[in-house]
Amino acid sequence: MSSESSATVGLTVLHRRYVPFSHAHYAGNLVDGAYSLAAFGDVATEMCIRADGDEGLFASYSDVQFKAPVRAGDVIEIEATLVRVGSRSREMDFEVRVVGRGAPQRGESAADVLDPPIVATTARGVVVVPPRSTSG
């Protein structure tokens, strides 16, 4: 790990992914809320790698809000924004947005780009990274 951190408030990491039908958990092809939390963990890991050269460890979530459903077949965008930098802690705001959704009424494989996207899940989380090395 580098002896210097690049952790800066405002640093943002963005992932996009297709939600496979194998993750549908409930009627209507709904995906459980844990899917969004796992996605938050992925963007937080990349944030820590970019900022600190280490994957870090998740310490806590707060204010998790499930605002709209995520469904199998959706294309989602997961964003983490660094909002506070401590000596070892990194606090981030997270958001899952649905940017594409199937349109089965038009055909089996029909889908639409959603503009604006639907904000599905938000949260705040804290990740900790190892102490910075002072040796070269």
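Residues numbered from 1 in each chain as written. Predicted model: local features only at pLDDT ≥ 70, side-chain atom pairs only at ≥ 80, totals over all residues. Heavy atoms only, no water.

Draft legend 1. Spatial organisation of the environment of Leu-11. With respect to the element layout, Leu-11 can be found in the segment before strand 1 (12-18). Separated by 101 residues in the primary sequence, Leu-11 and Asp-112 have C-alpha atoms spaced 30 Å apart. In contact with Leu-11, not counting residues within four places along its chain, are Ser-6, Met-47, Ala-51, Ala-80, Thr-81 and Leu-82. (Helix = DSSP H or I, 4+ residues; strand = E, 2+ residues; numbered from the N terminus. Contact = heavy atoms within 4.5 Å.)

Draft legend 2. Quick look at the sheet that holds strand 1. What the five strands build is an open sheet, ordered 1-5-6-7-4; its pairing is antiparallel. Edge strands, defined here as strands with exactly one partner in the open sheet, are strand 1 and strand 4 (57-66). Pairs of neighbouring strands in the sheet enclose a mean axial angle of 25 degrees, with direction left out of account. As paired strands, strand 6 (residues 89-102) and strand 7 (residues 111-128) are joined by 13 bridges and run antiparallel to one another. Following the sheet pairing, Glu-91 is matched in strand 7 by Val-126. Seen against the sheet, helix 1 (residues 34-52) touches strand 1, strand 4, strand 5 (75-85), strand 6 and strand 7 and runs at an angle of roughly 140 degrees to strand 1. (Pairing = 2+ DSSP bridges. Axes fitted to C-alpha atoms, helices over the stretch in contact; angles between N-to-C directions.)

Draft legend 3. Molecular detail of the side chain of Ser-36. For Ser-36, the position within the fold is in helix 1. Residue Ser-36 is classed as buried on the basis of its relative accessible area of 3%. Those residues in contact with Ser-36 that lie beyond four places of it in its chain are Val-70, Val-96 and Thr-121. (Buried < 20%, exposed > 50% of the residue type's maximum accessible area, 1.4 Å probe, protein only.)

Draft legend 4. Quick look at the environment of Arg-97. If you trace the backbone, Arg-97 turns up in strand 6. Classification of Arg-97 as buried rests on a relative accessible area of 11%. It is 24 Å that separates the C-alpha atoms of Arg-97 and Leu-57, two residues lying 40 residues apart in sequence. In contact with Arg-97, not counting residues within four places along its chain, are Leu-14, Val-75, Ile-76, Glu-77, Glu-79, Pro-117, Ile-118, Val-119 and Ala-120.

Draft legend 5. Here's a closer look at the environment of Ser-87. Inspection of the secondary structure assignment puts Ser-87 in the loop between strand 5 and strand 6. On the accessibility criterion, Ser-87 (60% relative accessible area) is exposed. On a C-alpha basis, the gap between Ser-87 and Arg-132 in space is 8.7 Å, while along the polypeptide they are 45 residues apart.

Draft legend 6. Just the pattern of salt bridges, in detail. Inspection of the entire model under this criterion finds 12 salt bridges. Where Arg-90 meets Asp-52, a salt bridge forms, and the shortest distance between an N and an O atom there is 2.8 Å. Within this pair, whereas Arg-90 is found in strand 6, its partner Asp-52 is found in helix 1, the two being separated by 38 residues in sequence. An identical accessibility class is assigned to Arg-90 and Asp-52; each is buried. Asp-74 is paired through a salt bridge with Arg-101; the nearest N and O atoms lie 2.8 Å apart. Taken as a pair, Asp-74 in the loop between strand 4 and strand 5 and Arg-101 in strand 6 lie far apart in primary sequence, 27 residues in all. Judged on exposure class, the residue Asp-74 and its partner Arg-101 are both buried. Each member of the salt-bridge network shares a partner with another, and the members are Arg-16, Glu-77, Glu-79, Glu-95 and Arg-97. (Salt bridge = Lys/Arg side-chain N within 4 Å of Asp/Glu carboxyl O.)

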